[in-house]
Amino acid sequence: MNALELEQVVRRYGRVTALAGVCLSIPAGAFVAVMGATGSGKSTLLQCAAGLDRPTSGRVHLAGHDITHLPERRLTRLRRDRVGFVFQSYNLLSELTVRQNVLLPVRLGASRRRSAENALDAVGLGDLGRRKVGELSGGQRQRVALARALITGPTVVFADEPTGALDPTTGGQVLGLLREACDRDGTTVVIVTHDPIAAAWSDRLVLLRSGSIVADVPTPGTPEIAERLRAVAA
Ligand SMILES: Nc1ncnc2c1ncn2[C@@H]1O[C@H](COP(=O)(O)OP(=O)(O)OP(=O)(O)O)[C@@H](O)[C@H]1O
C-alpha cells in the first residue's frame, strides 16, 4: 500500500510554477528524503503532500484517502489523526510544559496510541515532562516535537528541515529517532533537507529541480555517497 501518492501535481503561485507536474509514490514504511536547490519546490511538495496546501492541478492520495478535493474539516481531521509534523522551528508552545506540548494533538481530539510518558521515553526525554519548553535546548525541543508527532501513531511523518537549526550531533539524534519510528513502527517518513548527511538516513532520495523530479534513487545511507549527491543537486 502507498502511504502517499502524487499524480501530476502542479502548484502555481501567480506566474511562478513551484511544482511542474510531480508524480511520486511512497509505499508505507519508507523513509524518503527530498532534496534540491533553494526554490526548487521542496517545501511546496511537502505542503501539498501533507494536505497543508492544495495543488493547482493533479491529485494527492494520503494515508488511503484522496485528499485532492477533501473538504477542509475532513482534511484537518485526517491530518490530526494520521499525520505527524516536524518543522525546523519546532512549532512548540514555549509557555506550556513538555508533556502539555506532546499532548496537544490529543487535546485537539486525536486518539493517542501511546502515553505522553511513553512518547517522551522513546525520544529520551522521559525525565523532562514537567519542564517548560522555553527552558529546553534546540535538540531537546525538536525531540519534544517528534514525541508530539508520534503520539497519535501517525501513518506519515512529514519533516521540513528537521535538523536545520541543530548541530550535526544533535541533528543525527533526531534523524536516528525518525529512522527508529520507521523501522520499529512502520511509520512512513518524508523529510525535506538541504543536508546530504541528513539524507543519508533515508532509504530513498528524491531530487527536485525547478519543480520537477530529476532523480529518484535508493540511498545506500553512506556519507560519501551523500556528498556526491550534493554535487548533483546543486
Ligand atoms: N506562498 C508563495 N507565494 C508565491 N511564491 C511562492 C510561495 N511559496 C513558494 N513560492 C515560490 O515557489 C517556488 C518554490 O518554493 P519552495 O519554498 O517550495 O522551494 P524550496 O525548495 O522549499 O526552497 P528553500 O530550500 O529555499 O526552502 C519558489 O520560486 C518560491 O519563490
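Definitions and limits used
Residues numbered from 1 in each chain as written. Predicted model: local features only at pLDDT ≥ 70, side-chain atom pairs only at ≥ 80, totals over all residues. UniProt positions renumbered as here; feature names shortened; annotations may be inferred. Helix = DSSP H or I, 4+ residues; strand = E, 2+ residues; numbered from the N terminus. Near = placed C-beta within 6 Å. Nonpolar A, V, L, I, M, F, W, Y, C, P; charged D, E, K, R; others polar. Buried ≥ 20, exposed ≤ 12 C-beta atoms within 10 Å, placed from the backbone. Contact = placed C-beta atoms within 7 Å. Pairing = 2+ DSSP bridges. Axes fitted to C-alpha atoms, helices over the stretch in contact; angles between N-to-C directions. Parallel < 35°, antiparallel > 145°, perpendicular 65-115°, else oblique. Left-handed = near helix turned anticlockwise from the far one by under 90°.

### Section: the UniProt feature "transmembrane region" (unreviewed entry) in the protein
Moving on, step 1. Per the UniProt record, the feature "transmembrane region" (unreviewed entry) sits at residues 16-37.
Moving on, step 2. Within the segment residues 16-37, helix and strand shares are 0% and 82% respectively, and the terminal C-alpha atoms sit 16 Å apart.

### With respect to the site of the ligand
Moving on, step 1. The full set of residues close to the ligand is Y13, V16, A18, G36, T38, G39, S40, G41, K42, S43 and T44.
Moving on, step 2. At the level of elements, β2 (16-27) and α1 (42-49) are the ones that each hand at least two residues to the shell around the ligand.
Moving on, step 3. For the shell around the ligand, the element with the highest residue contribution is α1, accounting for three residues.
Moving on, step 4. Each residue belonging to the shell around the ligand can be placed in one class, and the counts come to three nonpolar, seven polar and one charged.

### A word on α1
Moving on, step 1. Across the eight residues that make up α1, a large majority, six, are buried.
Moving on, step 2. Within the sequence span of α1, burial applies to K42, T44, L45, L46, C48 and A49.
Moving on, step 3. Residue G51 follows α1 closely and has a positive phi angle near 75°.

### A few points about the environment of E161
Moving on, step 1. Topologically, E161 is positioned in the loop between β7 (156-160) and α7 (168-185).
Moving on, step 2. A tally of 20 C-beta atoms within 10 Å means that E161 is categorised as buried.
Moving on, step 3. For E161 and V16, which are 145 residues apart along the polypeptide, the C-alpha to C-alpha distance reads 23 Å.
Moving on, step 4. Aside from chain neighbours lying at most four places away, what touches E161 is Q88, V192, T193 and H194.

### With respect to unusual backbone geometry
Moving on, step 1. Phi at Q8 takes a positive value of approximately 50°, unusual for a residue other than glycine.
Moving on, step 2. By the secondary structure assignment, Q8 is in strand β1 (residues 2-13).
Moving on, step 3. Unusually for a residue other than glycine, N91 sits at a positive phi of about 50°.
Moving on, step 4. Structurally, N91 can be placed in the loop between β6 (83-87) and α3 (98-102).

### Points about the environment of R184
Moving on, step 1. Here R184 is to be found in helix α7.
Moving on, step 2. Residue classification places R184 among the exposed residues on the basis of 9 C-beta atoms within 10 Å.

### Some points on the environment of R148
Moving on, step 1. Mapped onto the elements of the fold, R148 is located in helix α6 (residues 138-150).
Moving on, step 2. Owing to 27 C-beta atoms within 10 Å, R148 belongs among the buried residues under this scheme.
Moving on, step 3. Remark: the alpha-carbon pair of R148 and L104, spanning 44 residues in sequence, is separated by 7.3 Å.
Moving on, step 4. With sequence-adjacent residues up to four places away left out, R148 is seen in contact with N101, V102, L104 and P105.

### Considerations on the pairing of β1
Moving on, step 1. Looking at chain direction, β1 and β2 are connected through nine bridges and run antiparallel. Bridged to L6 within β2 is L24.
Moving on, step 2. Remark: two residues form the turn of the hairpin made by β1 and β2, two consecutive strands paired antiparallel; G14 in that turn has positive phi of roughly 60°.
Moving on, step 3. Direction of pairing for β1 relative to strand β4 (residues 57-62): antiparallel, over a ladder of five bridges.

### A word on the packing of α6 against α7
Moving on, step 1. For the pair α6 and α7, the least separation of the axes is 9 Å and the interaxial angle reads 15°. What the angle tells us is that α6 and α7 run roughly parallel. Between α6 and α7 the crossing geometry is right-handed. For the pair formed by α6 and α7, the contact residues are G138, G139, Q142, R143, L146 and L150 on the first element and T170, Q173, V174, L177 and A181 on the second.

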